[in-house]
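Structural characterization, general
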Amino acid sequence: MSKIFAMTMFVTSSFILAGCGYTPEQRGLSGAALGGATGAAIGAAAGHSAGAAVAGGVLGAATGAIVGAATTPPPPPPPYYGAPPPPPPRCARYGYDAYGNQVCTGYYAY
């Protein structure tokens, strides 16, 4: 029973840490590391030998690198998430352009 609990905690922590990195190279490297460690632990628990642990580690690292490099990170939140955008600046001074149209030449500071 303690082996199952330890394996469950290890696999759960691997899934939690699986999204590390912003570039495909970083995500592939972190996926390979986490997949290799998880695969080695599962291979050792399932096969009860060093060969099973090595095989599980190799397969886990390859799968983790492929899946990690293929994923994309979530987009960043919008700049004013949940808040209204700032009001437009108010004109303090008006002038005229070359065609006689009224334009703002100075704004109030907030």
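Just so it is clear, the structure is predicted and the values come from calculations on it, not from any experiment. (Residues numbered from 1 in each chain as written. Predicted model: local features only at pLDDT ≥ 70, side-chain atom pairs only at ≥ 80, totals over all residues. Heavy atoms only, no water.)

Attention shifts here to the overall build of the protein chain. Within the protein chain, the regular secondary structure consists of 3 helices and 2 strands. Helices and strands appear in the protein chain in the N-to-C order α-α-α-β-β. The burial tally for the protein chain puts 17% of its 110 residues in the buried class. Across the protein chain, every contact between residues at least 6 apart in sequence was considered, and the portion connecting residues at least 24 apart equals 37%. For the protein chain, the exposed area adds up to about 8300 Å²; of that, 72% sits on carbon and sulfur atoms. (Helix = DSSP H or I, 4+ residues; strand = E, 2+ residues; numbered from the N terminus. Buried < 20%, exposed > 50% of the residue type's maximum accessible area, 1.4 Å probe, protein only. Contact = heavy atoms within 4.5 Å. Areas by Shrake-Rupley, 256 points an atom, 1.4 Å probe, with all protein chains shown as cover.)

All chains considered together, the criterion is met by 1 disulfide. Between the sulfur atoms of C91 and its disulfide mate C104 the distance is 2.0 Å. Its torsion about the S-S bond being 110°, the disulfide of C91 and C104 is classed as right-handed. Residue C91 is found in strand β1 (residues 91-96), and its partner C104 is found in strand β2 (residues 102-107); the two are separated by 13 residues along the sequence. (Disulfide = S-S within 2.5 Å.)

Let's shift gears to the environment of A46. The topology assignment puts A46 in helix α2 (residues 24-47). A46 gets classed as exposed once you look at its relative accessible area, which sits at 62%. For A46 and G56, which are 10 residues apart along the polypeptide, the C-alpha to C-alpha distance reads 9.5 Å.

What follows deals with unusual backbone geometry. With the exception of glycine, most residues fall at negative phi, and the peptide bonds are largely trans. Despite not being glycine, H48 shows a phi value in the positive range, around 55°. Here H48 lies in the loop between α2 and α3 (50-70).

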